[in-house]
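Chain by chain, the residues run as shown.
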Amino acid sequence: MFKSRRRRTYRKRRRPFPLLTIILAIPIVLILLELSTRLLVGVMGKTAELAAYEGEPAIVNVYRLKFLNEYDQPYQGLSEQGRLAAHRSLAVGYQLEGEQTSNFWQINPQGFRDTEPVPLDKPNSEFRIFLLGGSTAFGQWNPSNQATIAAQLEARLKERVAQQQRSPEKYRPTDLPFYKPDLEKALALPPKIKDGQYRVINAAVPGYASGNELAQLALQILPYQPDAIVVLDGYMDLLLPSDRMATDIPHIETFLSNASGHFWTHLSQELTSVVTNTYLIKAIQYWIVRPQPSVSRLSLAALNGTAHLANYLPVNSEELQERVTRYRDRHKQMIRLVTGARIPLIIAIQPEITGRGGNQQISLREQEILVELGADYQTRIQDGYVALAKSLDQLQSWYPENVKTLNFYDVYNDFSDRAFWDAIHLTEEANRILSERLYQTLTASSELQVPPSRPIP
C-alpha cells in the first residue's frame, strides 16, 4: 500500500500595499496632473485666459471689496478679498481708496466713483449734486461709470440745460406776463432750471447703511458745497443688526482682539489659495464645473458672509422696529444738517426684486432669483419695506419743506426688461428709470429753478 501523499501547494502571499507608498504617490500624481494640465493649456493657447480666472466671473472679484490697513496691506484673515480697495475710517467705518481703476469702474482721488477729481473750491457756474447710498447707488455689476444712476442723471440734467438754450419758448419765461390769459399760458410751461454746469457725483460706497451715510454727509460731503443731495438706501439697514450703528469692516473687532486666531486663519487661507490657484483646479472649475455665486453672495456687498439673505433679516417684529427706527433717526439727522444750508434733500427707498413679484413680464432669470430667495425671505423683506415706507412718511410729515421722500420698492412693476442682477443690484436700463425719476424730482425743486421776476399769484 502506498501512503497517500499530501500535496502541498505553496502560494506566495501578497504583501499589503504599504500605506506610506500610497501617501507618497498622491503628491506625485497631483504634480504630474498639474504639469500635464499646464502643458495642455499652453498648447491650446489658453494660458493667459486661465491665469486671469479667479474661481468666479471676473466682474464679481473686481467689485468685491478689499479692506486695507494703515500700511496699505489687506487685513490677513479676512476672506473674499476683491479688487475694490477700501481703508478703515474711524469716522465712517471705511471709505474707498482714491485713484484706483479697473475695466468696470474708476475711483477719483477723493474716493468717489468719478473719472475727474472734485476740488473743494467749487466753480461759480457749477451745480453739484451728490448721490449717497450703498452698492445699488454705487452701481454694483454695472459695466462702466457711465452706466450708473449718477452718470445717467448728470447726462439728463445737462440735456435739460441744452434744451432750454435751444428752445427757450418751450419753458416758462423768467419775466411773467401780467395779463391773466398770458400768465396762465406761461405757468403751464415747465420752469427752467438754473443755467450752469451740472455735476452729479457718485459718493455711494458698497455696504453703507444710514449710519455710514450720516457721518459721510457731515464730515466729507458738506465741505464740497453741494447744491442738492440724493440718498438711495434702506436695504442694508434691514440687514444690519440693531446694536450696530453702521457697517464696518467685517469681523474687525474680533481681528483686533484676537490677532493670533486670525494669524492661523490667514495660514489656512493661504494654503487654500495655493491649492485653488493651481492650473488643475482652475481648469476643472473654468471648463467643467463653472461655479456661479449664489444670489445671496452677489447681493451682500460688505457683510463678508455666504449665509442666505434671510439669515440677516430681523428675527422678530421688535428687532425690525429697532432697525427701522435707527434708519428713520439717521435720516432725520441728515435733514437737520442740510436744512440750515438750504440744500435740497431727496431720500429714496431703493428697489428690491420682490417688488417685481406681480409683474407678468418679469424675466426668466429674475423668476429664478425669486425662487432661490424663497418664500420666507420674500415675506420678511416685504414686511421690512412696509416698515421703511412708514418711517419715510413720518419724515415727510415732520419736515414737509425740507425733504422729498420717494419709495422705489416697486418702481419696476411695469418694467418689461430685466431690472435686477440679484436681490438689489440693477441693470443699466433699470438705472435709467431711476435716474429719470430723480431728474423729475430735482427739476421740480425751487432751489434749482430759475426764480420768476415776480411772485406767482
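The preceding data block contains the structure.
Residues numbered from 1 in each chain as written. Predicted model: local features only at pLDDT ≥ 70, side-chain atom pairs only at ≥ 80, totals over all residues. Heavy atoms only, no water.

**Q** Please give an account of the packing of helix H5 (residues 149-166) against helix H15 (residues 428-443) that cites residues and values.
**A** One can describe the packing of H5 onto H15 by two numbers: an axis separation of 8 Å at closest approach and a directional angle of 50°. Here H15 runs oblique to H5, going by the angle between their axes. Once H5 is placed against H15, the crossing between them reads as right-handed. Counted together, Ile149, Gln152, Leu153, Arg156, Leu157 and Arg160 of H5 and Glu428, Asn431, Arg432, Leu434, Ser435, Glu436, Leu438, Tyr439, Leu442 and Thr443 of H15 form the full contact between these two elements. Class assignment of the residues belonging to the contact of H5 with H15 gives a composition of seven nonpolar, four polar and five charged. (Axes fitted to C-alpha atoms, helices over the stretch in contact; angles between N-to-C directions. Helix = DSSP H or I, 4+ residues; strand = E, 2+ residues; numbered from the N terminus. Parallel < 35°, antiparallel > 145°, perpendicular 65-115°, else oblique. Left-handed = near helix turned anticlockwise from the far one by under 90°. Contact = heavy atoms within 4.5 Å. Nonpolar A, V, L, I, M, F, W, Y, C, P; charged D, E, K, R; others polar.)

**Q** I'd like to hear about the sheet that holds strand E8 (residues 228-233), residue by residue, with values.
**A** Sheet architecture is open: five strands sit in the order E7-E6-E8-E9-E10, paired in parallel fashion. Strands with a single pairing partner mark the edges of an open sheet, and in this sheet they are strand E7 (197-202) and strand E10 (404-407). For this sheet the average axis-to-axis angle between neighbouring strands, irrespective of direction, equals 15°. As defined by bridge partners, strand E9 (residues 345-349) adjoins E10 across four bridges and the pair is classed as parallel. Residue isoleucine 347 lies in a different strand from E10, and its bridge partner there is threonine 405. Docked against the sheet, H15 engages strand E6 (126-133), E8, E9 and E10, running at close to 140° with respect to E8. (Pairing = 2+ DSSP bridges.)

**Q** Mind laying out the pattern of salt bridges, listing which residues take part and the relevant values?
**A** Per the stated rule, a full pass over the model turns up 15 salt bridges. Between arginine 199 and aspartate 114 there is a salt bridge, with the nearest N and O atoms lying 3.4 Å from each other. Note that arginine 199 is positioned in strand E7 and aspartate 114 in the loop between strand E5 (106-107) and E6, a separation of 85 residues in sequence. Accessibility classification places arginine 199 together with aspartate 114 in one group, the buried group. Linking aspartate 329 and arginine 328 is a salt bridge whose minimum nitrogen-to-oxygen distance equals 3.2 Å. The class of aspartate 329 is partly exposed, set by a relative accessible area of 23%. Given the relative accessible area of 17%, arginine 328 is considered buried. Within the structure, one salt-bridge network assembled from shared partners comprises Arg156, Glu159 and Glu436. (Salt bridge = Lys/Arg side-chain N within 4 Å of Asp/Glu carboxyl O. Buried < 20%, exposed > 50% of the residue type's maximum accessible area, 1.4 Å probe, protein only.)

**Q** Just give me the short version of the environment of alanine 150, but keep the residues and values in it.
**A** Structurally, alanine 150 can be placed in helix H5. Here alanine 150 is in contact with Leu131, Val200 and Asn202, once residues within four sequence places are set aside.

**Q** Can you lay out the side chain of lysine 192 for me, pointing to particular residues and giving the numbers?
**A** Position of lysine 192 relative to the elements: it lies in the loop between helix H6 (180-187) and E7. Glutamate 169 provides the closest opposite charge to the buried, salt-bridge-free lysine 192, at an N-O distance of 8.3 Å. Once residues lying within four places of it in the same chain are set aside, the contact partners of lysine 192 are Arg160, Gln164, Pro168, Tyr171, Arg172, Gln449 and Val450. (Lys, Arg positive; Asp, Glu negative; His and termini not counted.)

**Q** Describe helix H13 (residues 317-339), listing the residues and the values that go with them.
**A** For H13, with 23 residues, the first-to-last C-alpha span of 33 Å sits near the 33 Å given by 1.5 Å per residue. Of the residues flanking the start of H13, the one acting as N-cap is asparagine 316, its side-chain oxygen 3.2 Å from the backbone nitrogen of glutamate 318. (Expected span 1.5 Å × (residues − 1). Polar contact = N/O pair within 3.5 Å; in protein donor to acceptor, adjacent residues only side chain to side chain.)

**Q** Now, about the side chain of asparagine 142: what can you tell me, with residues and values included?
**A** Looking at the element boundaries, asparagine 142 is found in the loop between helix H4 (135-138) and H5. Within the structure, the side chain of asparagine 142 is placed 2.7 Å from the side chain of asparagine 431, a separation counted as a polar contact. Not counting residues within four places of it along the chain, the set of residues in contact with asparagine 142 comprises Tyr63, Phe104, Arg113, Ala147, Thr148, Trp421, Leu426, Thr427, Glu428 and Asn431.

**Q** Please set out a nonpolar patch on the surface residue by residue, giving values where relevant.
**A** Together, Ile28, Ile31, Leu32 and Leu35 make up an exposed nonpolar region whose accessible area comes to about 400 Å². Its location among the elements puts isoleucine 31 in helix H1 (residues 19-44). (Patch = residues over 30% accessible without salt bridge, like charges linked within 9 Å, V, L, I, M, F, W, Y side chains within 5 Å. Areas by Shrake-Rupley, 256 points an atom, 1.4 Å probe, with all protein chains shown as cover.)

**Q** Describe the packing of aromatic side chains, with residues and values.
**A** Aromatic rings considered in pairs are described by the distance between their centres and by the relative angle of their planes. Applying the stated rule across the entire model yields 12 aromatic pairs. Look at tyrosine 63 and tryptophan 141: their rings are 5.6 Å apart centre to centre, the planes differ by 70°, and that puts the pair in the edge-to-face class. Of this pair, tyrosine 63 sits in helix H3 (residues 58-63) while tryptophan 141 sits in the loop between H4 and H5, and the two are 78 residues apart along the sequence. Across the pair, tryptophan 141 and tyrosine 63 agree in class, each one buried. Taking 6.0 Å as the distance between ring centres and 45° as the angle between the ring planes, the aromatic pair formed by phenylalanine 130 and tyrosine 224 counts as tilted. Within this pair, whereas phenylalanine 130 is found in strand E6, its partner tyrosine 224 is found in the loop between helix H7 (210-221) and E8, the two being separated by 94 residues in sequence. Judged on exposure class, the residue phenylalanine 130 and its partner tyrosine 224 are both buried. A connected cluster of aromatic rings, assembled from ring pairs, spans Tyr63, Phe104, Phe138 and Trp141. It is arginine 113 that lies over the ring of phenylalanine 138; its NZ or CZ is 4.8 Å from the centre. The residue whose ring lies beneath arginine 156 is tyrosine 439, and the NZ or CZ to ring-centre distance is 4.0 Å. (Phe/Tyr/Trp six-rings, centres within 6.5 Å; stacked < 30°, edge-to-face > 60°. Lys NZ or Arg CZ within 6 Å of the ring centre and 35° of its normal.)

**Q** Please set out unusual backbone geometry residue by residue, giving values where relevant.
**A** The backbone phi angle of tryptophan 141 is positive, close to 75°, even though this residue is not glycine. Among the residues examined, tryptophan 141 registers a relative accessible area of 10% and is labelled buried. Even without being a glycine, glutamine 225 presents a positive backbone phi close to 55°. Inspection of the secondary structure puts glutamine 225 in the loop between H7 and E8. Judged by its relative accessible area of 38%, glutamine 225 falls in the partly exposed class.

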